[in-house]
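In case you want the letters, here they are:
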Amino acid sequence: MGLRKILTDKEPALHKTCKPVVSFDSKLHKLLDDMRETLIDSNGVGLAAPQVGIQRRVFIMDTGDGLKECINPKILERRGEQECVEGCLSSPGEYGLIRRPAVVKLQAQNRDGKFFIITVEGLAAECADHENDHMDGILFKSKVERMLAPDEIGN
Ligand code: CO
């Protein structure tokens, strides 16, 4: 186990398309364990592998109902819309208003390569869409309606 350094959005690594995972081996498991520890340490709800410098299609999320490890994720369906106040661990202190799907149906593989499908809504749908964007080097700041001023964030 170990904490990984979270890169900021100024790093080129965060703007690149990530490669699929092909080996569901101990190296992947170590990455997932480290990402979990890093996510907990940073009080975030989601973390993508490129944020810790690994250009692979891996993200984890925990929006309050347990950790989900998503490898080679693919969004099968987006439904509805919600407006969110959103941030990113790679953009510390910055928040913006953004529209995300209200419901997301996602296919991914678990750490052993087994396929699963989940349907999530609300914060989990926002998070899944945000983390899935990281797989293609897309950052929330490129999609926001507008960034919020510090006095609008309210904490
Ligand atoms: Co992010």
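Above this text is the structure in question.
Reading the values: rules and limits
Residues numbered from 1 in each chain as written. Predicted model: local features only at pLDDT ≥ 70, side-chain atom pairs only at ≥ 80, totals over all residues. Heavy atoms only, no water. Patch = residues over 30% accessible without salt bridge, like charges linked within 9 Å, V, L, I, M, F, W, Y side chains within 5 Å. Areas by Shrake-Rupley, 256 points an atom, 1.4 Å probe, with all protein chains shown as cover. Salt bridge = Lys/Arg side-chain N within 4 Å of Asp/Glu carboxyl O. Lys, Arg positive; Asp, Glu negative; His and termini not counted. Charge placed at Lys NZ, Arg CZ, Asp CG, Glu CD. Helix = DSSP H or I, 4+ residues; strand = E, 2+ residues; numbered from the N terminus. Buried < 20%, exposed > 50% of the residue type's maximum accessible area, 1.4 Å probe, protein only. Expected span 1.5 Å × (residues − 1). Contact = heavy atoms within 4.5 Å. Pairing = 2+ DSSP bridges. Axes fitted to C-alpha atoms, helices over the stretch in contact; angles between N-to-C directions. Core = buried A, V, L, I, M, F, W, Y, C linked by side-chain atoms within 4.5 Å.

## Re a positive patch on the surface
Right, so step 1: Together, Lys16, Lys19, Lys27 and Arg56 line one region of the surface with positive charge.
Right, so step 2: Tracing the backbone through its elements, the reader meets Arg56 in the loop between β1 (46-48) and β2 (58-61).
Right, so step 3: For Arg56, a relative accessible area of 33% gives the class partly exposed.

## Overview of helix α1 (residues 26-41)
Right, so step 1: The end-to-end C-alpha distance of α1, which contains 16 residues, comes to 22 Å, matching closely the 22 Å that a straight helix rising 1.5 Å per residue would cover.
Right, so step 2: Among the residues of α1, Leu28, Leu31, Leu32, Asp34, Met35, Thr38 and Leu39 are the ones counted as buried.
Right, so step 3: Looking at the buried positions of α1, the neighbouring elements they touch are β1, β2 and β3 (68-79).
Right, so step 4: Directly after α1, the chain includes Asn43, whose backbone phi takes a positive value near 55°.

## Regarding the sheet that holds β2
Right, so step 1: The antiparallel open sheet is built from five strands, whose spatial order is β1-β2-β3-β6-β7. Every other strand in the sheet has two partners, leaving β1 and β7 (115-121) as the edge strands with one partner each. Ignoring which end each strand starts from, the neighbouring axes of this sheet average 35° apart.
Right, so step 2: Sheet topology places β1 next to β2; three bridges connect them, and they run antiparallel. If you follow Ala48 over to β2, its bridge partner there is Phe59.
Right, so step 3: Taken strand by strand, α1 contacts β1, β2 and β3, and its axis lies near 40° from that of β2.
Right, so step 4: Together, β1, β2, β3, β6 (103-109) and β7 form the strand contacts of helix α2 (residues 123-134), whose direction differs from that of β2 by roughly 160°.

## Some thoughts on α2
Right, so step 1: Compared with an ideal rise of 1.5 Å per residue, which puts 12 residues at 16 Å, α2 spans 17 Å between its outermost C-alpha atoms and is within 8% of the ideal.
Right, so step 2: When we look at burial in α2, the residues that qualify are Ala124, Ala125, Glu126, Cys127, Ala128, Asp129, His130, Glu131, Asn132, Asp133 and His134.

## Concerning the nonpolar core
Right, so step 1: Residues Phe59, Met61, Cys70, Val104, Leu106, Val120 and Ala128 are the most contacted members of the largest nonpolar core, which totals 15 residues.
Right, so step 2: Where this core is concerned, the elements lending two or more residues are β2, β3, β6, β7 and α2.
Right, so step 3: Sort the elements by how many residues they give to this core and α2 lands first, with four residues.
Right, so step 4: Not counting residues within four places of it along the chain, the set of residues in contact with Ala128 comprises Phe59, Met61, Ile75, Val104 and Val120.

## As for the pairing of strand β5 (residues 96-100)
Right, so step 1: The buried fraction of β5 is high, at four of five residues.
Right, so step 2: With five bridges joining them, strand β4 (residues 82-86) and β5 adopt antiparallel strand pairing. Within β5, the residue paired with Glu83 across the bridge is Arg99.

## Things to note about the environment of Asn43
Right, so step 1: Take Asn43: it is sitting in the loop between α1 and β1.
Right, so step 2: Sequence separation between Asn43 and Leu89 is 46 residues; the distance between their C-alpha atoms is 9.1 Å.

## Overview of the pattern of salt bridges
Right, so step 1: For the coordinates displayed, the defined rule picks out 19 salt bridges.
Right, so step 2: Between Glu77 and Arg79 there is a salt bridge, with its nearest N and O atoms 3.1 Å apart.
Right, so step 3: Notably, a salt bridge pairs Arg100 with Asp129, separated by 3.1 Å at the nearest N-O pair. On the criterion of sequence distance, the pair formed by Arg100 in strand β5 and Asp129 in helix α2 is long-range, its members being 29 residues apart. For the pair Arg100 and Asp129, one class covers both residues: buried.
Right, so step 4: Three or more residues joined by partner-sharing salt bridges are found here, namely Arg78, Glu86, Arg100, Asp129, Asp133 and Lys143.

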